[in-house]
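Chain by chain, the residues run as shown.
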Amino acid sequence: MSGRPILQLYTTMSEFELLHERHDRTRSTSKTVTVDRQALIHILMDHARMLEALRKAGRVEIAELD
């Protein structure tokens, strides 16, 4: 059964893998990581889309800030 995807992602697999590689090369004591701006934007847009899809399905709980 092929239907419309539930979620279309902006992040390419290449961007995703490069972000993971960048994270792996960062020291565990580092508080910041330098990443490609466009890849970060894509991850944030994907997260927003995922959150909206989960909200529509009534399947999300968002942690509150301390």
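See above for the structure.
Throughout what follows, the structure given in this document is the object of discussion. (Residues numbered from 1 in each chain as written. Predicted model: local features only at pLDDT ≥ 70, side-chain atom pairs only at ≥ 80, totals over all residues. Heavy atoms only, no water.)

**Some thoughts on the overall build of the protein**
Moving on, step 1. The number of helices and strands found in the protein is two helices and zero strands.
Moving on, step 2. The C-alpha radius of gyration of the protein comes to 15 Å, more than 25% above the 11 Å expected for a compact globule of 66 residues.
Moving on, step 3. If one aligns the C-alpha atoms of the protein with their principal axes, the spans along those axes are about 40 × 35 × 20 Å.
Moving on, step 4. By the burial criterion, 12% of the 66 residues in the protein qualify as buried. (Helix = DSSP H or I, 4+ residues; strand = E, 2+ residues; numbered from the N terminus. Rg over C-alpha atoms; globule rule 2.2 N^0.38 Å. Buried < 20%, exposed > 50% of the residue type's maximum accessible area, 1.4 Å probe, protein only.)

**Some details on the side chain of Thr-11**
Moving on, step 1. Mapped onto the elements of the fold, Thr-11 is located in the segment before helix 1 (13–24).
Moving on, step 2. Under the relative-accessibility criterion, Thr-11 is labelled buried at 12%.
Moving on, step 3. Within the local environment of Thr-11, its side chain forms a polar contact with the side chain of Asp-46, the two groups lying 2.4 Å apart.
Moving on, step 4. If we ignore the near neighbours within four places in the chain, the residues touching Thr-11 are Phe-16, His-42, Ile-43 and Asp-46. (Polar contact = N/O pair within 3.5 Å; in protein donor to acceptor, adjacent residues only side chain to side chain. Contact = heavy atoms within 4.5 Å.)

**Side note on the environment of Asp-36**
Moving on, step 1. As for its position among the elements, Asp-36 is in the loop between helix 1 and helix 2 (37–57).
Moving on, step 2. A sequence separation of 24 residues divides Asp-36 from Val-60, and the C-alpha atoms of the two residues are 29 Å apart.

**Examining a nonpolar patch on the surface**
Moving on, step 1. A cluster of nonpolar residues, Ile-6, Leu-7, Leu-9, Met-50, Leu-54, Val-60 and Ile-62, forms a patch on the protein surface that exposes about 600 Å² of accessible area.
Moving on, step 2. Mapping Met-50 onto the fold places it in helix 2.
Moving on, step 3. Overall, the relative accessible area of 34% leaves Met-50 in the partly exposed class. (Patch = residues over 30% accessible without salt bridge, like charges linked within 9 Å, V, L, I, M, F, W, Y side chains within 5 Å. Areas by Shrake-Rupley, 256 points an atom, 1.4 Å probe, with all protein chains shown as cover. Salt bridge = Lys/Arg side-chain N within 4 Å of Asp/Glu carboxyl O.)

**Observations regarding helix 2**
Moving on, step 1. Here helix 2 contains 21 residues, and its C-alpha end-to-end distance of 31 Å stays within 8% of the 30 Å for a straight helix at 1.5 Å per residue.
Moving on, step 2. The complete set of buried residues in helix 2 reads Ala-39, His-42, Asp-46 and Leu-51.
Moving on, step 3. In this fold, the buried residues of helix 2 make contact with helix 1.
Moving on, step 4. A side-chain oxygen of the first residue of helix 2 lies 3.2 Å from the backbone nitrogen of Gln-38; this N-cap is Asp-36. (Expected span 1.5 Å × (residues − 1).)

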